[in-house]
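# Descriptive structure summary
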Amino acid sequence: VGRSEVVYEALSDIGAQDVVEFRDEKLQALYEYTLGAAVKKGERVTARYKKGVKLSVGNLLYRTRNQALLLETEERYVEKKDQLPVSGIFRAQKWKRVSLVVKCREYQAEVSGDVCESAKNQPSSEEMIRRTLTKTGESTCFFESLDIFLENGLFFSVGKLKELRRKAFQRLERRILEETEREKIRENLRNPIAFLQAGARKPGKGTDGENTELAFSASVMDLAQLKEVLLRGGIDRVYLQTEKLENSMLKEAFFRIKEAGKRPFLAFPMIFRNGVEKLFRRDLEKEIGSLPWEGVLLKNLESLLFTKDFFKQRDLEIVLDAGLYIMNERAYRFYKERASLLTLPYELTWEEMKGASFVSACELIGYGRVPLMVSAQCVQANTEYCAFTEKGKWGRRISFLDERNRKFSSVNFCKYCYNVIYQETPVFLREVLEDRRRYPVRSFRYAFTTESGKEVREVLEGHPPFRTQAGHFYKGIE
């Protein structure tokens, strides 16, 4: 030990950016520093130390950070995508349909594509096919192994190969989910007492002859949210919000919902002014309106009148949202003549709900950020500039506090030129899921707005990664 330098011997390999710490005989920390370069076991190292630090011959050094191990852990466990490992078999023969078989454990799915034809110019190579199929990106699966049986002289476009892989993965996911649900049912049948004690109800008839078994639905704003929703076997209806989804995305989302065996519903805008109505009608007339939607989610009376006129030849299910208030029996009877399903208002407490005869025939928004205000006064435009011409800023979330330090989020939906201000802390009525006898609503809706795909998954698993509240479910409006 010198006045400003110390020499020590490495008893094991130490890597660059590792942190080593000098300690005394009582293992009290004396000094630590970060290595600039790696050191091999047995090497002697000269290091400078700060003035005032008291080091002695015989002090031991401990590595308190192993940088290589941290990086490996982050890469392996933290940043690693949550994907299922699958094996695959790709087959292509002239004049036969191209096929892809994918398998994960005991689950298997097979899809076929177009009939294989000879290449007009450059035929596809095995390397090109393997590279395209194994580049799974954000898919829920990845190829652990892939066997390719390819007849020479055939051509496949990259787009067709990606579509084949997407369909195969979706079919496999659906097969796994279906088998999982069947196994749950079989388990329930093996142990019916435990099943009933868990709070399940036998299907029965409620108000207006409705089935009283709890159903599930979800509304989504983007494709990342949709991806997670489609992996949940219990969700039946999926409402597609149109504020952020363009026509091509809506079309893609529609077919993904159908392929997942669920029911696609088109959600109308929150405000249906003349300009919005013209834009919405134009989008419907292009191609979106001709899709075989199962139904629509409407949020105002203008949308109800528009739907009756535009879809007059179609037998659509009409779901009315929470903003079309059914605060009493008379309102319920009025709207029930015009719609298939009604949504309970956010403002109703459970005490008020259970006193009404129509609750078991309605949908409850059991999770979601409550929309407090819809405004044409754009927060984005007033604080910075109008972002209508910059699609990258559409759907931007701006947070702010009120005088009581409560947090809110304003989202600018530039497609329809309005803002929605949400309460930052979402409502999550977990008790409705856990005690279905006490809360006999017909359907439980997950209303997703600003959540990421990962947050959607955690909410659907019953473990939101943020604080939640019960809203007015127990406490009335003050």
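Everything discussed here concerns the structure shown above.
Everything quoted here is computed from the prediction, not taken from an experiment. (Residues numbered from 1 in each chain as written. Predicted model: local features only at pLDDT ≥ 70, side-chain atom pairs only at ≥ 80, totals over all residues. Heavy atoms only, no water.)

## Looking at the layout of surface pockets
Picture a little ball the size of a water molecule; that probe, rolled over the atoms, points out where space is still empty. Formally: The way it works is a 1 Å grid over only the protein atoms, where trapped points that fit a 1.4 Å probe form a cavity and open points with protein on both sides within 12 Å along at least five of seven lines form a pocket, and then any residue with an atom within 4 Å of a point lines it. Grid points are joined across faces, edges and corners, and a volume is the space filled by probe spheres set on the points. Put simply, DSSP H or I for four residues or longer makes a helix, DSSP E for two residues or longer makes a strand, and each gets a number counted from the N terminus. Asp, Glu, Lys and Arg are counted as charged, while Ala, Val, Leu, Ile, Met, Phe, Trp, Tyr, Cys and Pro are counted as nonpolar; the rest, among them Gly, fall into the polar class.
Put simply, the second largest pocket is a space of about 1200 Å³. Among the secondary structure elements, those contributing two or more residues to the lining of the second largest pocket are β16 (362-368), β17 (371-375), β19 (407-413), β20 (418-423) and β22 (443-447). A total of four residues in the lining of the second largest pocket trace back to one element, the largest contributor, which is β17. Considered class by class, the residues forming the lining of the second largest pocket number 26 nonpolar, 10 polar and 10 charged.

## Some remarks on empty space enclosed by the protein
Across all of its chains, the model carries one cavity of 30 Å³ or more by this definition. Counted as a void, the largest cavity has a volume near 40 Å³. Lining of the largest cavity is provided by Thr242, Asn247, Leu250, Leu266, Phe280, Asp283, Leu284, Ile288, Lys415 and Tyr416. For the lining of the largest cavity, the secondary structure elements donating two or more residues are α6 (247-259) and α7 (274-286). With three residues, the single largest contributor to the lining of the largest cavity is α7. The class makeup of the residues in the lining of the largest cavity is six nonpolar, two polar and two charged.

## Things to note about the sheet that holds strand β6 (residues 84-92)
Quick reminder of the rule: Strands are labelled as partners when DSSP assigns at least two bridges between them. Lines fitted to the C-alpha atoms define the axes, with helices restricted to the stretch that makes contact. Angles between their N-to-C directions range from 0 to 180 degrees. Note on contacts: a residue pair qualifies if any of its non-hydrogen atoms lie within 4.5 Å across the two residues.
Across the sheet, which stays open at both edges, the four strands sit in the order β8-β7-β6-β9 with mixed pairing between neighbours. Here the strands that pair on one side only, and so sit at the sheet edges, are β8 (107-115) and β9 (141-150). With strand direction ignored, the average angle separating the axes of adjacent strands in the sheet is 20°. Here helix α2 (residues 126-134) sits on the sheet in contact with β6 and β9, set at roughly 155° to β9.

## Looking at helix α5 (residues 223-230)
Operational definition: Burial classes follow relative accessibility: with a 1.4 Å probe on protein chains only, a residue under 20% of its type's maximum area counts as buried, one over 50% as exposed, and anything between as partly exposed. Whenever two N or O atoms come within 3.5 Å, that pair is a polar contact, provided that in protein one can donate a hydrogen and the other can accept it, and provided that, for residues adjacent in sequence, both atoms are side-chain atoms.
Along α5, the residues classified as buried are Gln225, Leu226, Glu228, Val229 and Leu230. Sitting at the amino-terminal end of α5 is aspartate 222, which places a side-chain oxygen 3.2 Å from the backbone nitrogen of alanine 224.

## Considering unusual backbone geometry
Positive phi values are uncommon outside glycine, yet tryptophan 95 reaches one of about 70°. Checked against the element boundaries, tryptophan 95 lands in the loop between β6 and β7 (97-104). At arginine 105, a position not held by glycine, the phi torsion is positive, near 55°. Here arginine 105 lies in the loop between β7 and β8.

## Structural notes on the state of the cysteines
The test is simple: Count a disulfide wherever a pair of cysteine sulfur atoms falls within 2.5 Å.
Under the defined criterion, the tally for this structure stands at zero disulfides. Distance from the sulfur of cysteine 141, which forms no disulfide, to the nearest cysteine sulfur (cysteine 104) is 6.8 Å. Exposure remark for cysteine 141: the relative accessible area of 0% places this residue in the buried category. Its sulfur unpaired, cysteine 417 is 6.3 Å from the next cysteine sulfur, which belongs to cysteine 386. Judged by its relative accessible area of 52%, cysteine 417 falls in the exposed class.

## Quick look at the environment of arginine 437
Inspection of the secondary structure assignment puts arginine 437 in the loop between α12 (430-434) and β22. The exposed category is assigned to arginine 437, whose relative accessible area is 53%. With 263 residues separating them in the primary sequence, arginine 437 and arginine 174 have C-alpha atoms 30 Å apart.

## Observations regarding the packing of α5 against helix α13 (residues 453-460)
Where we set the bar: An angle counts as roughly parallel when it lies under 35 degrees, as roughly antiparallel when it exceeds 145, as roughly perpendicular when it falls between 65 and 115, and as oblique in every other case. The sense of a crossing depends on the near helix, which, turned anticlockwise from the far helix by less than a right angle, makes the crossing left-handed and, turned clockwise, makes it right-handed.
Between α5 and α13, whose axes approach to 8 Å, the crossing angle comes to 30°. In terms of axis orientation, α5 runs roughly parallel to α13. Judged by the twist between their axes, the crossing of α5 over α13 is right-handed. Along the contact surface, α5 presents Ala224, Gln225, Glu228 and Val229, while α13 presents Gly453, Val456, Arg457 and Leu460. Taken together, the residues that form the contact of α5 with α13 break down as four nonpolar, two polar and two charged.

## A closer look at the pairing of strand β14 (residues 317-320)
Walk down a regular strand and you will see the side chains alternate between the two sheet faces. Definition in use: For a crossover, the right-handed case is the one in which the path from the first strand over the helix to the second runs clockwise, viewed with the strands pointing away from the viewer.
When strand β13 (residues 295-298) meets β14, the two strands line up parallel, connected through four bridges. Within the sheet, the bridge partner assigned to leucine 298 lies in β14 and is leucine 320. Regarding topology, helix α8 (residues 301-310) serves as the crossover connection from β13 to the parallel β14, and that connection is right-handed. Pairing of β14 with strand β15 (residues 341-343) involves two bridges; the strand directions are parallel. Counterpart to leucine 320 in the pairing with β15 is leucine 342. For the handedness criterion, the β-α-β arrangement of β14, helix α9 (residues 329-336) and β15 is classed as right-handed.

## Details of the pairing of strand β4 (residues 44-48)
Burial of β4 is one-sided: the residues Val45 and Ala47 facing one way are buried, the residues Arg44, Thr46 and Arg48 facing the other way are not. Pairing analysis gives five bridges linking strand β1 (residues 5-9) to β4, with the strands arranged antiparallel. Along β4, the bridge assignment pairs valine 7 with threonine 46.

## Considerations on the packing of aromatic side chains
Rule in force here: Planes of paired rings set the category: under 30 degrees apart is stacked, over 60 is edge-to-face and the rest tilted, where pairs are Phe, Tyr or Trp rings (Trp by its six-membered ring) whose centres lie within 6.5 Å. For a lysine, the NZ atom is tested; for an arginine, the CZ atom; a charge sits over a ring if that atom is within 6 Å of the ring centre and within 35 degrees of the ring normal.
Under the definition given, this model contains 29 aromatic pairs. Clustering of aromatic rings is evident, with ring pairs tying together Phe216, Tyr367, Phe428, Phe444, Tyr446 and Phe448. The ring of tyrosine 62 has arginine 23 sitting right over it, with the charged end atom 4.4 Å from the ring centre. Lying over the aromatic face of phenylalanine 334, arginine 338 brings its terminal NZ or CZ to 3.9 Å of the ring centre.

## Quick notes on the sheet that holds strand β5 (residues 60-65)
Sheet strands pair by backbone hydrogen bonding; their relative direction is either parallel or antiparallel. Strand order in the open sheet made by the three strands is β3-β2-β5, with antiparallel pairing throughout. One side of each edge strand has no neighbouring strand; the edge strands of this open sheet are β3 (29-34) and β5. Averaged over all pairs of adjacent strands, the angle between their axes in this sheet comes to 30°, without regard to strand direction. Strand direction decides the pairing type here: strand β2 (residues 19-23) and β3, joined by five bridges, are antiparallel. Paired with valine 20 across the bridge in β3 is tyrosine 33.

## Let's talk about the pattern of salt bridges
Oppositely charged side chains may form a pair once their charged atoms are brought near each other. The condition that has to hold: A carboxyl oxygen of Asp or Glu within 4 Å of a side-chain nitrogen of Lys or Arg is what we treat as a salt bridge.
Taken as a whole and judged by the stated rule, the model has 27 salt bridges. Measuring nitrogen to oxygen at the nearest pair gives 3.1 Å for the salt bridge that ties glutamate 287 to lysine 251. Separated by 36 residues along the polypeptide, glutamate 287 in the loop between α7 and β13 and lysine 251 in helix α6 bring together distant segments of the chain. Exposure remark for glutamate 287: the relative accessible area of 31% places this residue in the partly exposed category. Of the charged contacts in the structure, one is a salt bridge between aspartate 283 and arginine 282, with a shortest N-O distance of 3.9 Å. Residue aspartate 283 is classed as buried on the basis of its relative accessible area of 10%. Accessibility expressed as a relative area gives 44% for arginine 282, which makes it partly exposed. Among the charged side chains, a salt-bridge network with shared partners connects Asp236, Lys258, Arg263, Glu294 and Glu317.

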